[in-house]
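# Overview (structure and organization)
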Amino acid sequence: MWWYRALHLRVLDSLHRRPGAPGALLDAGCGTGGLLRRLVGSGRALVGLDFNPEAARRASAKSGALTTGGDANRLPFADGSFGALVSMDVLCHRAVEPGQALAEFYRVLKPGGALVLNLPAFDWLHSAHDIRVHNARRFTATDARALLEQAGFTAIEARYWNALLLPLMILQRKVLKSDSEAKSDVAPFPPWLDAMLYAVTGLERWLARIGLRYPAGGSVLITATRP
């Protein structure tokens, strides 16, 4: 799906700018391994964790990474195990306590380790999609930055993305699919529409790389360092 491909490129950009400390990379909440597969060839050992053990097994088959079932609130890894940690749309999940999960992320990162998070933006965008994917909360960039500061992270950057498509997102979720019984937006798209939406995110990514910052977007991408 176009959105995941766009997200994965944003994560790769973030890790290129801030690779963190030497050592393995953990994807906390790896799902079925799409991001891990994109990270193959990064030169790092890859580890994945997901609450659903079957998803973790599929992620391993897809990427070759070492994966395990587990809980982001209680990571089954020793202190300082990883040089970088990525976690996509996990702190928003109803089964996750953000402060506790961030404390665990801090614990398993080495000093100098990089953290990359993606979070859904703005509580007022809560919709049937969030209900279907079990999102209990959405975040502003300010909220996210404050949470990471409280957890002890430094050099925090929180930036909105999926900004150019935000008006369509509002129309889709608050008007066309305003019924609480509507389905999630995660679904197959016609190839022409998938390609068009992905192209818009590509334009936005290029504009961000030359310095444009967005005041709002559908998601918040955060990078930080474990001092």
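What counts and what doesn't
Residues numbered from 1 in each chain as written. Predicted model: local features only at pLDDT ≥ 70, side-chain atom pairs only at ≥ 80, totals over all residues. Heavy atoms only, no water. Salt bridge = Lys/Arg side-chain N within 4 Å of Asp/Glu carboxyl O. Helix = DSSP H or I, 4+ residues; strand = E, 2+ residues; numbered from the N terminus. Buried < 20%, exposed > 50% of the residue type's maximum accessible area, 1.4 Å probe, protein only. Pairing = 2+ DSSP bridges. Patch = residues over 30% accessible without salt bridge, like charges linked within 9 Å, V, L, I, M, F, W, Y side chains within 5 Å. Areas by Shrake-Rupley, 256 points an atom, 1.4 Å probe, with all protein chains shown as cover. Lys, Arg positive; Asp, Glu negative; His and termini not counted. Charge placed at Lys NZ, Arg CZ, Asp CG, Glu CD. Arc of directions from axis to C-beta. Contact = heavy atoms within 4.5 Å.

Now for the pattern of salt bridges. What the rule picks out here adds up to ten salt bridges. A salt bridge links Arg18 to Glu157; its shortest N-O distance comes to 3.5 Å. Residue Arg18 is located in the loop between helix 1 (2-17) and strand 1 (25-28), and its partner Glu157 is located in strand 6 (residues 154-161); the two are separated by 139 residues in the primary sequence. On the basis of relative accessible area, Arg18 is assigned to the buried category, the value being 16%. In this structure, Arg107 engages Glu104 in a salt bridge whose closest nitrogen and oxygen atoms are separated by 2.9 Å.

With that settled, consider the pairing of strand 7 (residues 219-225). Taking burial as the measure, the seven residues of strand 7 include seven buried ones, the bulk of the element. Covered by surrounding structure in strand 7 are Ser219, Leu221, Thr223 and Thr225 together with Val220, Ile222 and Ala224, the residues of both alternating faces. Relative to strand 7, strand 5 (residues 109-120) runs antiparallel, the two sharing seven bridges. Bridge pairing links Pro120 to Ser219 in strand 7. When strand 6 meets strand 7, the two strands line up antiparallel, connected through six bridges. Looking at strand 7, one finds that Ala158 is bridged to Ile222.

The subject of this paragraph is a positive patch on the surface. Among the surface-exposed residues, Arg37, Arg38, Arg58 and Lys62 lie close enough to one another that they form a single positively charged patch. Going through the elements one at a time, helix 2 (34-39) and helix 3 (53-63) are the ones with two or more residues in the positive patch.

The subject of this paragraph is helix 7 (residues 166-176). Here helix 7 has its buried residues at Leu166, Met169 and Arg173. What you see down the axis of helix 7 is that its buried residues fit within an arc of 60 degrees, all on one side. The exposed residues of helix 7 that point more than 90 degrees off its buried face are Pro167, Val175 and Leu176. Contact partners of the buried residues in helix 7: helix 5 (128-132).

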